[in-house]
Each structure stands twice: as C-alpha cells, then as structure tokens.
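Below, each chain spelled out in residue letters.
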Amino acid sequence: MIQKIKKIILDHLLFQNDWMQTKLIDHKGKVVVIKISSLKIILKIDEKGLLHSLNESEEFDCIIKLTVNDFINQLINKNNGNISIEGDLELANQVSQVLKKIESSENDFSYLKE
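Residues numbered from 1 in each chain as written. Predicted model: local features only at pLDDT ≥ 70, side-chain atom pairs only at ≥ 80, totals over all residues. Heavy atoms only, no water.

## Here we look at the nonpolar core
1) Next: Counting residues in each nonpolar core, the largest one holds 19 residues, and the members touching the most others are Leu 24, Val 32, Ile 34, Ile 36, Ile 41, Ile 64 and Val 95.
2) Next: When contributions to this core are tallied by element, the ones reaching two or more residues are strand E1 (31-36), strand E2 (39-45), strand E4 (62-66) and helix H4 (89-101).
3) Next: Apart from the residues within four sequence positions on either side, Val 32 is in contact with Ile 41, Ile 42, Leu 43, Ile 45, Cys 62, Ile 64, Leu 91 and Val 95. (Core = buried A, V, L, I, M, F, W, Y, C linked by side-chain atoms within 4.5 Å. Buried < 20%, exposed > 50% of the residue type's maximum accessible area, 1.4 Å probe, protein only. Helix = DSSP H or I, 4+ residues; strand = E, 2+ residues; numbered from the N terminus. Contact = heavy atoms within 4.5 Å.)

Written out as structure tokens, the structure is:
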C-alpha cells in the first residue's frame, strides 16, 4: 500500500505539474526529502529544474516533514498545517510553494479507496 501511495504522489508531482521547473531551476543538483509520516520521498532537481525520484541519497539539502493529514490538507485546502523544515530554507520554501500550487481535487486521490 505504501508503494502505491508513493507512486501516486510522485506521478502527481512529476508528470502533472511540469510548470514547477521555473521555480526550481535555481536549485539544480539539490536533493530534497519529503517525509510524509513514515513515507520518505527523495527527489533531485536536474539541470532543467525538473524533479527526479531517487531510491536513496546520503546527503540532503533540505528535509520537509509533515503528516499525511497535513499533506492532504495542504493539497486540497492550501493550508500549511504542521510542516517541519531542516536544511536549505530557500529550497524548502520553493518546494513548499510548488506543493501549494499543485492543482488538486477530491478526485485526484479517489482511486485510493479501491
């Protein structure tokens, strides 16, 4: 189940929101970790400002931590909730802004009920 959720989140971030590269181009080569409860997503920003998933990385430029409820609340209601940030605050801010602007609706995650 965790792998299914991880894939849904990554697909949503990487494929449906290619506009984000203009926000992230200045952070090329940096590694961001997003921890949503026990789910850990590691992303690297390439030279074009696009996010790519990594299986592992020993070094991170920033870590963004939040609960599943806060993540969903941020996507649907655009509320920050309880977010913890470690590392590069400017990078964390840009990634956070990208997450806030992701277009979402109740139907985006409706197939999780299956």
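## Regarding the pattern of salt bridges
Should their charged atoms come close, side chains of opposite charge can pair.
1) Next: Per the counting criterion, the structure on display carries two salt bridges.
2) Next: Residues Lys 30 and Asp 88 are paired through a salt bridge, measuring 2.7 Å at the closest nitrogen-oxygen approach. Of this pair, Lys 30 sits in the loop between helix H2 (21-24) and E1 while Asp 88 is found in the loop between strand E5 (84-87) and H4, placing the two residues 58 residues apart along the sequence.
3) Next: Note that Glu 86 is salt-bridged to Lys 65, the shortest N-O span being 2.8 Å. Note that Glu 86 is positioned in strand E5 and Lys 65 in strand E4, a separation of 21 residues in sequence. (Salt bridge = Lys/Arg side-chain N within 4 Å of Asp/Glu carboxyl O.)

## Here's the deal with the sheet that holds E2
1) Next: Strand order across the open sheet formed by five strands is E3-E2-E1-E4-E5, with mixed pairing between neighbours. The outermost strands of the open sheet, each flanked by one partner alone, are strand E3 (51-54) and E5. For this sheet, the mean angle separating the axes of adjacent strands, direction not counted, is 25 degrees.
2) Next: With four bridges connecting them, E2 and E3 associate as antiparallel partners. Its bridge partner lying in E3, Lys 44 is registered against His 52. (Pairing = 2+ DSSP bridges. Axes fitted to C-alpha atoms, helices over the stretch in contact; angles between N-to-C directions.)

## Section: a nonpolar patch on the surface
1) Next: A cluster of nonpolar side chains, Val 68, Ile 72 and Ile 76, forms an exposed patch at the surface whose accessible area comes to about 210 Å².
2) Next: With respect to the element layout, Ile 72 can be found in helix H3 (residues 68-77).
3) Next: By relative accessible area, Ile 72 is classed as partly exposed at 34%. (Patch = residues over 30% accessible without salt bridge, like charges linked within 9 Å, V, L, I, M, F, W, Y side chains within 5 Å. Areas by Shrake-Rupley, 256 points an atom, 1.4 Å probe, with all protein chains shown as cover.)

## Section: unusual backbone geometry
For residues besides glycine, phi is generally negative; the peptide bonds are generally trans as well.
1) Next: Of note, Ser 37 is a non-glycine position whose phi angle comes to about 55 degrees, a positive value.
2) Next: Relative to the assigned elements, Ser 37 resides in the loop between E1 and E2.
3) Next: By relative accessible area, which is 44% here, Ser 37 ends up partly exposed.

## Observations regarding a negative patch on the surface
1) Next: Together, Glu 56, Glu 58, Glu 59 and Asp 61 make up a negatively charged patch on the protein surface.
2) Next: Assignment of secondary structure puts Glu 59 in the loop between E3 and E4. (Lys, Arg positive; Asp, Glu negative; His and termini not counted. Charge placed at Lys NZ, Arg CZ, Asp CG, Glu CD.)

## What to know about the side chain of Asp 46
1) Next: When you line up the elements, Asp 46 lands in the loop between E2 and E3.
2) Next: Buried Asp 46, no salt bridge; nearest opposite-charge side chain is Lys 48, N-O distance 6.3 Å.
3) Next: A polar contact of 2.8 Å, which involves the side chain of Asp 46, links it to the backbone nitrogen of Lys 48.
4) Next: Not counting residues within four places of it along the chain, the set of residues in contact with Asp 46 comprises Lys 28, Gly 29 and His 52. (Polar contact = N/O pair within 3.5 Å; in protein donor to acceptor, adjacent residues only side chain to side chain.)

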